[in-house]
Amino acid sequence: MLVTLAVIGLSTANLWMGELNQDEGWYLYAATQVAEGRLPYIDYSYTQAPVLPLVYAAVTPVIDSFGIAGGRFVTLLLGLSALGLAGLAASRISGQKLALLLTVILGGINVYQSYFTTIVKTYSLCGFFLAAGFYLLSRLVRSSSWWPGVFAGVCLALAAGTRISAGVAMPVVFLVLGWEYIRGRRSLGPALGFAVGGGLTLIAIFMPFLILAPQSALFHLVEYHSARTAGGLVNLLVYKAGFLSRVVQAYFVAAVLLAGCVLYRCLGDRKQRIADGSTRSWLTMAVASVAGISLLHFLAPFPYDDYQVPVYPLVCAILAVVLSAWLAGMEALKRSRYESLMVWWLLLASAAAAGSSPINQNWMIAGRDRIWWLTKSQPAIVQLREAAAQIAALHPEGRLFTQDIYLAVEAGLAVPEGMEMGPFSYYPGWPDEQAAAMHVMNEAGLHQILATTDCPVAAVSDYGFSIDSPSIKPIPAKDRTRLLAQLEERYDLAETIEQFGQAGTTLRLYTLKPELARP
């Protein structure tokens, strides 16, 4: 009960007080576009695999009614479901309910994980499909049936259809199942079932887009992510070191446990091993998948630490299985005592790590002015709602000119075509034909929109006109000043909101000059 209350409490706090993230806007906006009959790559820019907008389109009534908070609630449910499935997989493969409890403590009482599986990103949905796939694999390795392999393939393909990097798990699992068949430990059915289920699902997800919009689909799925540059070797090394440092900080308790397991394996009784072949098989697939996905994230030009969020429930399950197996080897009385110590140590350590997380500070603190901490007067999501209400008061209908897409979602307004990806929609160096094919704005396209737009209201934060895609470099200050000046030729400043949205920048609300408004 204590663990359940802690997990629900953290999730609720992050739903209501968690910092806004620019990605939340364009993920939810992409879903609303699908609900209106428009498709990613074909009709608008979208730089992830297509499953999230296709799935979230089913809950657009929730998004329309509750805005970003509604999207967060759906995401929260998926994140908690992913953790539960990972715990069930650990419990099933170890044969101990303790593994479920350890998984939930490690994954649920972690503010970082809770935050990134509550705000609207691909992580919760991808993690859900990964955890579902490995839960089915936990059934597969302990049965002679082939059907869990088919559905495991479907789930892992859906994970890859949510975030491409998760696709690493598919060849890993197939190779392990195939190797076990070669060694005579398993029939060919599971490997074939997995390949058929996963392969057909991948075809269903990606083939329509590759047929209807091959150039756009390939760019958004592959080329966009490889086009980013670190800006030299020194920057690249700094980014890699920062990735490792932030991952350890985010998952400190799990990192300590992992280091302890490795040390025990290296310095303890090297002959000791998990005797059960099914458990070893599942652990091999899980560990290799996590390692492969993590390596791919590490090798990215900009390796963000939150990329690890979808695989963390699997990490928790792996640690829970290993710890449960270690405890199972003890005599009954000693085992009972050590189980209690393990649970309480994990609970207290996780609570301490959660309580010291900088994410908690961001719930209440807006920054620091020299020696003084600046407190927030309201949660960011409440401020977003008030900004949307101000936009409605200025003009309740029409489109909204903005690159802060979460503001458009909250206000229930559309943005001009080509701006669906928010601050990542501007490709100033691209020729007209390429920009049109990818549904983004080049320099000429943005100038054309600024010169002709009749959106009644414009909303521009410091994220507006700030990013040069696809390299993700900052727009030079003089170029941004020129773009803002062009905007102000058609718009009058109406409101200014300080400390708004992600990173607490200044939001400026403009209204179209009366002589340019439609009669």
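Shown above is the structure to which this text applies.
Everything numeric here is computed off the predicted structure, so don't read it as measured data.

Enquirer: Summarise the overall build of the protein chain; cite the residues concerned and give the values.
Expert: Along the backbone of the protein chain there are 22 helices and eight strands. In terms of C-alpha radius of gyration, the protein chain reaches 24 Å, essentially the compact-globule figure of 24 Å for 519 residues. Judged by the C-alpha coordinates and their principal axes, the protein chain covers about 85 × 55 × 45 Å. Taken over 519 residues, the protein chain has a buried fraction of 55%.

Enquirer: Go over the pattern of salt bridges, please, and point to the residues and values.
Expert: Applying the stated criterion to the full structure yields 13 salt bridges. The shortest N-O distance in the salt bridge between Glu 180 and Arg 186 comes to 2.7 Å. By the burial criterion, Glu 180 is buried, and Arg 186 matches it. One salt bridge in this structure joins Arg 370 and Asp 369, with 2.9 Å as the shortest N-O distance. Residue Asp 369 is classed as partly exposed on the basis of its relative accessible area of 30%. Linked by salt bridges that have partners in common, Glu 443, Lys 478, Asp 479 and Arg 482 make up one network.

Enquirer: Quick rundown of the packing of helix H14 (residues 277–299) against helix H15 (residues 312–328)? Include the residues and the values.
Expert: H15 packs onto H14 with a crossing angle of 145 degrees between their chain directions and a minimal axis gap of 10 Å. Crossing angle aside, the handedness with which H14 passes H15 is left-handed. Mapping the contact onto sequence places Thr 279, Trp 282, Leu 283, Ala 286, Val 287 and Val 290 in H14 and Leu 314, Val 315, Ala 317, Ile 318, Val 321 and Val 322 in H15. Among the residues forming the contact of H14 with H15, the class breakdown is eleven nonpolar, one polar and no charged.

Enquirer: Lay out the packing of aromatic side chains with the relevant residues and their values.
Expert: Any two aromatic rings considered together are summarised by their centre-to-centre distance and by the angle between their planes. Taken as a whole and assessed by the stated rule, the structure comprises 22 aromatic pairs. A ring pair is formed by Phe 243 and Phe 298, whose centres lie 6.0 Å apart and whose planes are at 55 degrees; its orientation type is tilted. Separated by 55 residues along the polypeptide, Phe 243 in helix H12 (residues 233–250) and Phe 298 in helix H14 bring together distant segments of the chain. Phe 243 gets classed as buried once you look at its relative accessible area, which sits at 4%. Among the residues examined, Phe 298 registers a relative accessible area of 25% and is labelled partly exposed. A centroid spacing of 5.5 Å and a plane angle of 75 degrees characterise the contact between Tyr 304 and Tyr 307, whose relative ring orientation is edge-to-face. On the accessibility criterion, Tyr 304 (36% relative accessible area) is partly exposed. In textbook terms, an aromatic cluster arises when at least three aromatic residues are bridged by ring pairs, as seen for Tyr 112, Tyr 115, Phe 116, Tyr 123, Tyr 251 and Tyr 312. The ring of Phe 298 has Lys 240 sitting right over it, with the charged end atom 5.5 Å from the ring centre. Positioned over the ring face of Trp 373 is Arg 368, at 4.6 Å from the centre of the ring.

Enquirer: Describe helix H1 (residues 2–17), and please don't skip the residues or the numbers.
Expert: Counted at 1.5 Å a residue, the expected span for H1 with its 16 residues is 22 Å, and the 22 Å between its end C-alpha atoms agrees. Taken as a whole, H1 has its buried residues at Val 3, Val 7, Leu 10, Ser 11, Ala 13, Asn 14, Leu 15 and Met 17.

Enquirer: An account of the sheet that holds strand E4 (residues 457–460) is requested, with residue identities and associated values reported.
Expert: Sheet strands associate in pairs through backbone hydrogen bonding, adopting either a parallel or an antiparallel arrangement. Spatial ordering of the open sheet is given by E3-E4-E8-E7, a layout of four strands whose pairing is mixed. Edge positions in the open sheet fall to strand E3 (400–402) and strand E7 (491–500), since each of these has one partner strand only. Averaged over neighbouring strand pairs, the angle between their axes works out to 20 degrees when direction is ignored. Pairing between E7 and strand E8 (residues 505–512): seven bridges, direction antiparallel. Across the sheet, Asp 492 pairs through a bridge with Thr 511, a residue of E8. Packing of helix H22 (residues 477–488) onto the sheet brings it into contact with E3, E4, E7 and E8, and relative to E4 it is tilted by some 160 degrees.

Enquirer: Lay out the nonpolar core with the relevant residues and their values.
Expert: The biggest cluster of nonpolar side chains holds 161 residues, and the ones touching the most others in it are Tyr 56, Leu 106, Phe 134, Trp 282, Phe 401 and Leu 407. Leu 106 has contacts with Val 253, Ala 254, Leu 257, Tyr 312, Cys 316, Leu 319 and Leu 346, leaving out every residue within four places of it along the chain.

Enquirer: Talk me through the pairing of E4; I want residue IDs and the actual numbers.
Expert: Every second residue of E4 is oriented toward a common face, with Val 457 and Ala 459 on one face and Ala 458 and Val 460 on the other, all of them buried. Inspection of the sheet shows E3 paired to E4 by three bridges, in the parallel sense. Residue Phe 401 lies in a different strand from E4, and its bridge partner there is Ala 458. Direction of pairing for E4 relative to E8: antiparallel, over a ladder of four bridges. Among the inter-strand pairings, Ala 458 is bridged to a residue of E8, identified as Tyr 510.

Enquirer: I'd like a rundown of a nonpolar patch on the surface, residues and numbers included.
Expert: The grouping of Val 196, Leu 200, Ile 203, Met 207, Leu 210, Ile 211, Leu 212 and Leu 218 at the surface amounts to a nonpolar patch, some 750 Å² of accessible area in total. Per-element tally for the nonpolar patch: the top contributor is helix H10 (residues 189–212), with seven residues. Tracing the chain through its elements places Ile 203 in helix H10.

Conventions we followed
Residues numbered from 1 in each chain as written. Predicted model: local features only at pLDDT ≥ 70, side-chain atom pairs only at ≥ 80, totals over all residues. Heavy atoms only, no water. Helix = DSSP H or I, 4+ residues; strand = E, 2+ residues; numbered from the N terminus. Rg over C-alpha atoms; globule rule 2.2 N^0.38 Å. Buried < 20%, exposed > 50% of the residue type's maximum accessible area, 1.4 Å probe, protein only. Salt bridge = Lys/Arg side-chain N within 4 Å of Asp/Glu carboxyl O. Axes fitted to C-alpha atoms, helices over the stretch in contact; angles between N-to-C directions. Left-handed = near helix turned anticlockwise from the far one by under 90°. Contact = heavy atoms within 4.5 Å. Nonpolar A, V, L, I, M, F, W, Y, C, P; charged D, E, K, R; others polar. Phe/Tyr/Trp six-rings, centres within 6.5 Å; stacked < 30°, edge-to-face > 60°. Lys NZ or Arg CZ within 6 Å of the ring centre and 35° of its normal. Expected span 1.5 Å × (residues − 1). Pairing = 2+ DSSP bridges. Core = buried A, V, L, I, M, F, W, Y, C linked by side-chain atoms within 4.5 Å. Patch = residues over 30% accessible without salt bridge, like charges linked within 9 Å, V, L, I, M, F, W, Y side chains within 5 Å. Areas by Shrake-Rupley, 256 points an atom, 1.4 Å probe, with all protein chains shown as cover.

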